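Notes for the structure review
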Amino acid sequence: MRSHPVGQATPHMKRKSFKSPYFWAIVLVAAVVVTAWLGRESYQPVLTGAAAPDFVARNMAGETVHLSDYRGRVVLVNIWATWCGPCRSEMPSMQNLYQDLKGTDFEILAVSIDAAPGQVDAGGRPGGDLQAFVNELGLTFPILHDPSGKIEATYQTTGVPETFLVGRDGLIYKKVAGGTDWAAPVNQELVRRLLGE
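Residues numbered from 1 in each chain as written. Predicted model: local features only at pLDDT ≥ 70, side-chain atom pairs only at ≥ 80, totals over all residues. Heavy atoms only, no water.

Now for the overall build of the protein. Counting its secondary structure elements, the protein contains six helices and seven strands. Along its sequence from the N terminus, the protein presents helices and strands in the succession α-α-β-β-β-α-β-α-β-α-β-β-α. When the 197 residues of the protein are sorted by exposure, 37% land in the buried category. Summed over its atoms, the accessible surface of the protein is roughly 11600 Å², and 59% of this surface lies on carbon and sulfur atoms. (Helix = DSSP H or I, 4+ residues; strand = E, 2+ residues; numbered from the N terminus. Buried < 20%, exposed > 50% of the residue type's maximum accessible area, 1.4 Å probe, protein only. Areas by Shrake-Rupley, 256 points an atom, 1.4 Å probe, with all protein chains shown as cover.)

Structural data, given as structure tokens:
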């Protein structure tokens, strides 16, 4: 019987190691770690204190709008849908805040995630009529449309409405999941403070 030096693998042992589930588990973990490291910038959490990711969407006139177009202003980025009850409930308070701060460096970008007209979204909901929604609630702030869902993914939202208050420096100062009263004194005070009033 041939002996092999201690610590040296036999040809049989080498073949067996590639069939081992442990070997493939280590390879898989290594691949996940390398992939995460290479794409680490896209995995940054979108939280208070973080930079607000830039995005692009179309406004009601079909023009392209980037968040970066508003750098140097205080921007309320609201992600919503026409079929969302809490979205409908908070919109009047957003309109009140918008009216109260008219003439300042404050802007609201309300990004609808509704499916395109005549289409349905992943949840089976039909595309909403954004103009009818705007007319019904008397909204005068910019309404954007992103049926692709890219902004939802970029902002890592968990539902609608979800809102991000972005300062002049491009950082997120407040994040709200769910509806809120944006005309409430606490919210007005924060926006005015960010405006430097």
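Let's shift gears to the pattern of salt bridges. A full pass over the atoms with the stated rule returns seven salt bridges. Where Asp121 meets Arg125, a salt bridge forms, and the shortest distance between an N and an O atom there is 3.0 Å. Residue Asp121 is classed as buried on the basis of its relative accessible area, which comes to 17%. Among the residues examined, Arg125 registers a relative accessible area of 32% and is labelled partly exposed. Residues Arg193 and Glu189 are paired through a salt bridge, measuring 3.9 Å at the closest nitrogen-oxygen approach. Of this pair, Arg193 and Glu189 are both found in helix H6 (residues 185-195), four residues apart, which corresponds to roughly one turn of the helix. (Salt bridge = Lys/Arg side-chain N within 4 Å of Asp/Glu carboxyl O.)

The next thing to look at is the nonpolar core. Core analysis: the biggest nonpolar cluster contains 47 residues, and Phe55, Phe106, Phe141 and Tyr155 have the highest contact counts within it. For this core, the leading source of residues is strand S3 (residues 74-80), giving six residues. (Core = buried A, V, L, I, M, F, W, Y, C linked by side-chain atoms within 4.5 Å.)

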